[in-house]
Amino acid sequence: MANLPITQFEEKIIETVEQNPVVVIIGETGSGKSTQLSQILHRNGYSKSGIIGVTQPRRVAAVSVARRVAQELGVPLGEEVGYAIRFEDRTSERTLIKYLTDGVLLRESLSNAELNQYSVIILDEAHERSLNTDILLGLVKRLVKMRASNLKILITSATLDGEQVSKFFSNCPILNVPGKLYPVEILYSKERPKSYIDSCLKTAIDIHVKEPEGDVLIFMTGQDDIEKLVSKLEEKVRSLEEGSCMDAIILPLHGSLPPEMQVRVFSPPPPNCRRFIVSTNIAETSLTVDGVVYVIDAGYVKQRQYNPSTGMYSLDVVQISKVQANQRAGRAGRTRPGKCYRLYPSKVYQDDFLDVTVPEIQRSSLAGSVLYLKSLDLSDINVLKFDFLDPPSFESLEDALKQLYLIDAIDENGTITSVGRTMAELPLEPSLSRTLIEANEYNCLAQALTVAAMLSAETTLLLSRSNRTEKKRKHTPRDLPDGSGLGDHIQLLQIYERWDETDYDVDWCRDNDLQVRGMKFVKDVRKQLSQIMQKIAKGSLDVRANQSRKGRQQDYRNLRKALCVGFANQLAERMIHHNGYRTIGFKPQLVQVHPSSVLRTDEEGMLPNYVVYHELISTSRPYMRNVCAVEMLWVTPILKKLEKLDINKLSGGVSHIGEGTEETLAEAPKKEVDVAGLSNDRESKIQAARERFLARKANK
Ligand code: ADP
Ligand code: MG
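Residues numbered from 1 in each chain as written. Chains lettered and ligands numbered in written order. Predicted model: local features only at pLDDT ≥ 70, side-chain atom pairs only at ≥ 80, totals over all residues. Heavy atoms only, no water.

Trainee: Could you give an account of the packing of helix α16 (residues 445-456) against helix α19 (residues 488-501), naming the residues involved and the relevant values?
Mentor: Helix packing geometry: the angle between the two helix axes and the distance between the axes. The contact between α16 and α19 brings their axes to 9 Å, and the two run at 100 degrees. One way to sum up the angle between α16 and α19 is to call them roughly perpendicular. For the pair α16 and α19, contact is made by Gln-447, Thr-450, Val-451, Met-454 and Leu-455 and by His-489, Leu-492, Leu-493, Ile-495, Tyr-496 and Glu-497, respectively. Counted by class, the contact of α16 with α19 contains 7 nonpolar, 3 polar and 1 charged residues. (Axes fitted to C-alpha atoms, helices over the stretch in contact; angles between N-to-C directions. Helix = DSSP H or I, 4+ residues; strand = E, 2+ residues; numbered from the N terminus. Parallel < 35°, antiparallel > 145°, perpendicular 65-115°, else oblique. Contact = heavy atoms within 4.5 Å. Nonpolar A, V, L, I, M, F, W, Y, C, P; charged D, E, K, R; others polar.)

Written as structure tokens, this is what we have:
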């Protein structure tokens, strides 16, 4: 541990930090940035005046690194060293070093804008350019001016381009920690393989039989492919003649793996045994696995992208950037000279790969971030004026403002409403926060909490959902509820209520192909959301699952009504004489209900006229995923609102905004929006908006 490159620079680091409020630290992956920097600062007294906070873009990394540091310091996790990720806080009053996701730190700044509990904030893995880290960079820039005397900021990155960040922070110093990296021989394929899984398999086995000892790290795009390759590799290794080569252990590594499985990659292998680590992108820079000598890189990564002009998400397998390819190769040279097998020709690397990865802020929905910035209430912060390292496109800001307006989080002048403020307090995407608030008005909060919790955990439940068709054949008849034909949200509610009836029996989950860990997580998330809602309502709300005041059908109806308000921006209308839908908004899309949906047609074979959806995904074709039937009556006010919507006013009343180029955005900030003269006018408009809002509510 003491031998990690970064610890040799302890003095230099402390000296620089002492003299500068912001320091950028660049060091190879594995040089000890995540595990050692916090300890260096702790040793040098920085934890005496506050917590040393270290952000991580990935949940898994926050947990894993915290565990490691606790171990190195010989303290139980959750005491002096702890972590906080969404829906899971393992810190205590004694915590001095705290690992947290960048999203959690953003939320913390909502209740304490100056982040006074921290003496040091390390924004780790800045090269990942996650949306939340980018926003934190902007906020922290403000913060260093306000807390110049008692706050230190460190920004770490694994790639060599620290200049941009340094410039952003008035040319703050950059410390380079030279890592000892051994040469890595790069071997290219002659052509792109037909099946990258098979090609990985073949390459891995070739290495195993021909190359000297050393672990193999294989980059895959996701959990499904990892599982496929792991089982193929296991089979292949077993079929090799005994004694012909050394033993092998095959280990998967991805974010949905149970923690005890994740840590397995950190324990050294038995002698004369080769490990194959089959990993997602997580091993590219977030987690360092020791002992790797061979890397297999097919050149792909799975990336979630949001298209603001269509409101559509896609989970695309895309080509990695050159920077990523080099990071991956670097994993092979940490302990001795290594080899990287690129399953693509060098021409593809040269000509097709982008130089750097597109930052998340330029490929995400910004509704949550914009709401968040608006709720910070800092007179010197205007969303359009916000100091971004790389600004998002005007179109995506516009898209965010439109959504926030449709769900009443901001008024027509772009000012945050009281509903919007409440929404920002909930650790959920804006549509779900809005649904909870509305559900509380209709006495169906208990049900909405269940749905929000189920949707928040869906990735871990997904195992059974995505495998549904295959599993169906094995277990018939299936016993899970069907959402009464009303849609997937209702089904999620019914599933949870069934589980509640069994008194949270884990065997019931197993019998129904539901992931036990996922369901337990839902239960916990539900509890936390309930507590936050109780706090917001400042009263005692009845949030028990499985309670019904007016009967199930009425509950479902109320819940759907609340969903219609929360998902006003995710509304679609059935096309006449057709079971396809058209989304409602400026640029309507033609979409289908996802085949996995439990939404049913009526006696005439027709799907409901209006539905709300949780997300639009574009796979083989555009689908709505998680769909719920809503009624015309509830849709009308949304359509009216859409008619009135004036995007120019929403973005702050600057009339020529909306001409739509990025240049306009760069221009816009100069126009002061929060000028005093407007405020009276604005006050009355807020008031009017609130009245309309209340009137609408009363009409229900
Ligand atoms: P960096 O952040 O610079 O990429 P880290 O601080 O994450 O580097 O890793 C430094 C070393 O600590 C690596 O050798 C890595 O394998 C080891 N390490 C990190 N986390 C753990 C863990 N949870 N268990 C065991 N070793 C770990
Ligand atoms: Mg790190």
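Trainee: Explain the pattern of salt bridges residue by residue, including any values.
Mentor: Opposite charge on two side chains lets them pair, provided their charged atoms get close. Under the counting rule described, the total for this entry stands at 32 salt bridges. Note that Asp-390 and Arg-129 form a salt bridge whose closest N and O atoms lie 2.9 Å from each other. In this pair, Asp-390 is assigned in the loop between α12 (367-375) and α13 (394-406) and Arg-129 in the loop between β6 (118-123) and α5 (131-146), connecting sequence segments 261 residues apart. With relative accessibility at 12%, the residue Arg-129 sits in the buried group. Each of Asp-408, Arg-434, Glu-438 and Lys-641 takes part in salt bridges that share partners, so that together they form one network. (Salt bridge = Lys/Arg side-chain N within 4 Å of Asp/Glu carboxyl O. Buried < 20%, exposed > 50% of the residue type's maximum accessible area, 1.4 Å probe, protein only.)

Trainee: Tell me about the environment of Lys-236, and name the residues and values.
Mentor: For Lys-236, the location among the structural elements is in helix α8 (residues 223-239). Beyond its immediate stretch of four places on either side in the chain, Lys-236 contacts Leu-201 and Ile-205.

Trainee: Residue-level account of the packing of aromatic side chains, with values.
Mentor: Tallied over the entire structure, the rule returns 12 aromatic pairs. Seen from their ring centres, Tyr-196 and Tyr-300 are 5.9 Å apart, and the 70 degrees between their planes marks the pair as edge-to-face. Of this pair, Tyr-196 sits in helix α7 (residues 196-210) while Tyr-300 sits in strand β14 (residues 300-307), placing them 104 residues apart in sequence. Where Tyr-306 meets Tyr-313, the ring centres are 4.8 Å apart and the plane angle is 55 degrees; that geometry is what we call tilted. (Phe/Tyr/Trp six-rings, centres within 6.5 Å; stacked < 30°, edge-to-face > 60°.)

Trainee: Would you mind going over the side chain of Gln-324 in detail, with residue names and values included?
Mentor: Topologically, Gln-324 is positioned in helix α10 (residues 322-330). Of the residues examined, Gln-324 reaches a relative accessible area of 7% and is grouped as buried. Here the side chain of Gln-324 touches Ser-321 through a polar contact of 3.1 Å, landing on its backbone nitrogen. (Polar contact = N/O pair within 3.5 Å; in protein donor to acceptor, adjacent residues only side chain to side chain.)

Trainee: Help me get a handle on the nonpolar core, residues and values and all.
Mentor: Among the nonpolar cores identified, the biggest contains 112 residues, and Ile-155, Phe-169, Leu-373 and Leu-436 are the most heavily contacted of them. Core analysis: the second largest hydrophobic core is formed by 29 residues, Val-23, Ile-40, Val-69 and Tyr-99 among them. (Core = buried A, V, L, I, M, F, W, Y, C linked by side-chain atoms within 4.5 Å.)

Trainee: I'd like a rundown of the packing of α19 against helix α22 (residues 552-566), residues and numbers included.
Mentor: α22 packs onto α19 with a crossing angle of 130 degrees between their chain directions and a minimal axis gap of 11 Å. Comparing the axis directions of α19 and α22 gives the class oblique. With respect to the hand of their crossing, α19 and α22 are arranged in right-handed fashion. Here α19 contributes His-489, Ile-490, Leu-493, Gln-494, Glu-497 and Glu-501 to the contact with α22, which in turn contributes Arg-552, Tyr-556, Leu-559, Arg-560 and Leu-563. For the contact of α19 with α22, a count of residues per class yields 5 nonpolar, 2 polar and 4 charged. (Left-handed = near helix turned anticlockwise from the far one by under 90°.)

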